[in-house]
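Examination of the molecular architecture
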Amino acid sequence: MASSSDIGSIAGGSVRRQETPRLRRLAKGAASRASRVGLFVYALVLGGLLGLASADYATSGGYPFGGTGIGSWTAWPKAGSLDADPYSRAVNARRGDIPLAVGEGMLLTAASDDDGRTLDARCSYRLAGVTPPARAWTLTVTGRGAPEPGREPVRTGFTSTEILRETDGRFAILLSPEVQPGNWLPMPRPSGPIRLALRLYDTPVAASVGSLDRDSLPAIQRTGCGA
């Protein structure tokens, strides 16, 4: 005949055997919930980082949308309009620029030469021809990356009032890392991609980009390139 202690041991063992699968199920459920929460947090963090990275890339250079290509130049007729896209507004805010409104003028940019090669600070270029009719214009050069330490740029652009012209009104600007005679525009940094910006002020073409053609804008030709 089993004693009372034996009966208690048997009952306790039975209870433990019944509780073990239940504890395992509870632990498995908790681990599954923790895994789902971890995946959700991971997806949330990854999505936020990708969103910030894409926004930084889209607004760190020129305008990503809304341009009209004219040869190697791109016109931005709506960069300063009231219906400008959010990315254009973000670019303006990040750079601290006040864009030209539709009635004030037009911005044109170039990041490649007439042969489709990216403008490089190590190379030399010749910008020659004319500009569309305008009361005034400016041509500047910029680029990504840090400028050369301890070296202030001689100039970053030209205006229509100071440019040297030929007798027929045409002009040529030499963009080069080395000093050149005439209208010389130095590179803003030793290497890396650069971008040209042509701003036309009080111009009739601001009302219609379709009136622009390739012959009405300066040609961009590479004349040499360093090693």
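Refer to the structure presented above.
Since the model is a prediction, treat every value here as computed from it, not as a measurement.

Next up on the list: the overall build of the chain. When helices and strands are tallied, the chain shows two helices and ten strands. Taken from N to C terminus, the helices and strands of the chain fall in the order α-β-β-α-β-β-β-β-β-β-β-β. With 227 residues in all, the chain has 31% of them scored as buried. Partitioning the contacts of the chain with sequence separation of at least 6, the portion at a separation of at least 24 is 75%. Accessible area of the chain: about 14,000 Å², with a carbon and sulfur share of 58%.

Further remarks concern the environment of Gly 226. By the secondary structure assignment, Gly 226 is in the segment after strand E10 (219–225). Judged by its relative accessible area of 40%, Gly 226 falls in the partly exposed class. For the pair formed by Gly 226 and Ser 124, sequence separation is 102 residues and the distance between their alpha carbons is 8.4 Å.

Membership of the largest hydrophobic core comes to 30 residues, with the highest contact counts inside it found for Trp 73, Leu 108, Leu 175 and Leu 196. Every element with two or more residues in this core is listed here: strand E2 (73–76), strand E3 (105–110), strand E4 (123–129), strand E5 (136–143), strand E7 (171–176) and strand E9 (194–201). For this core, the element with the most residues is E9, which contributes four residues. Setting aside residues no more than four positions away along its own chain, Leu 175 makes contact with Cys 123, Ser 124, Tyr 125, Leu 127, Val 141, Leu 185, Pro 186, Met 187, Ile 194 and Leu 196.

Our focus in this paragraph is the environment of Leu 164. Mapped onto the elements, Leu 164 comes out in the loop between strand E6 (157–159) and E7. With 18 residues separating them along the chain, Leu 164 and Gly 182 place their C-alpha atoms 7.3 Å apart. Sequence-distant contacts of Leu 164, defined by excluding residues within four places in its chain, comprise Phe 171 and Asn 183.

Bringing the sheet that holds E5 into the picture now. Taken in spatial order, the six strands make up an open sheet running E1-E2-E3-E9-E5-E6, and their pairing is antiparallel. The open sheet has two edge strands with one neighbour each: strand E1 (68–70) and E6. Going from strand to strand, the sheet's axes swing by 20° on average, the running direction of each strand aside. As judged from the three bridges shared by E5 and E6, these two strands associate in the antiparallel manner. Paired with Thr 140 across the bridge in E6 is Gly 157.

If you walk through the whole model with that rule in mind, you get six salt bridges. Here Asp 113 makes a salt bridge to Arg 117, at a shortest N to O gap of 3.1 Å. Residues Glu 162 and Arg 155 are paired through a salt bridge, measuring 3.4 Å at the closest nitrogen-oxygen approach. Through salt bridges with shared partners, one network takes in Asp 113, Asp 115 and Arg 117.

Before going further, it helps to spend a moment on the sheet that holds E4. If you walk across this open sheet you meet the four strands as E8-E7-E4-E10, and the pairing is mixed. The open sheet is flanked by strand E8 (183–186) and E10, the only strands paired with a single partner. The sheet shows a mean angle of 25° between the axes of neighbouring strands, taken without regard to direction. Note that E7 and E8 share four bridges and pair parallel. Note on E8: the bridge partner recorded for Leu 175 is Leu 185.

Bringing the packing of aromatic side chains into the picture now. Scanning all chains against the criterion turns up one aromatic pair. In this structure, Arg 155 packs its charged tip against the face of Phe 158, placed 4.2 Å from the ring centre.

So, how was this worked out
Residues numbered from 1 in each chain as written. Predicted model: local features only at pLDDT ≥ 70, side-chain atom pairs only at ≥ 80, totals over all residues. Heavy atoms only, no water. Helix = DSSP H or I, 4+ residues; strand = E, 2+ residues; numbered from the N terminus. Buried < 20%, exposed > 50% of the residue type's maximum accessible area, 1.4 Å probe, protein only. Contact = heavy atoms within 4.5 Å. Areas by Shrake-Rupley, 256 points an atom, 1.4 Å probe, with all protein chains shown as cover. Core = buried A, V, L, I, M, F, W, Y, C linked by side-chain atoms within 4.5 Å. Pairing = 2+ DSSP bridges. Axes fitted to C-alpha atoms, helices over the stretch in contact; angles between N-to-C directions. Salt bridge = Lys/Arg side-chain N within 4 Å of Asp/Glu carboxyl O. Phe/Tyr/Trp six-rings, centres within 6.5 Å; stacked < 30°, edge-to-face > 60°. Lys NZ or Arg CZ within 6 Å of the ring centre and 35° of its normal.

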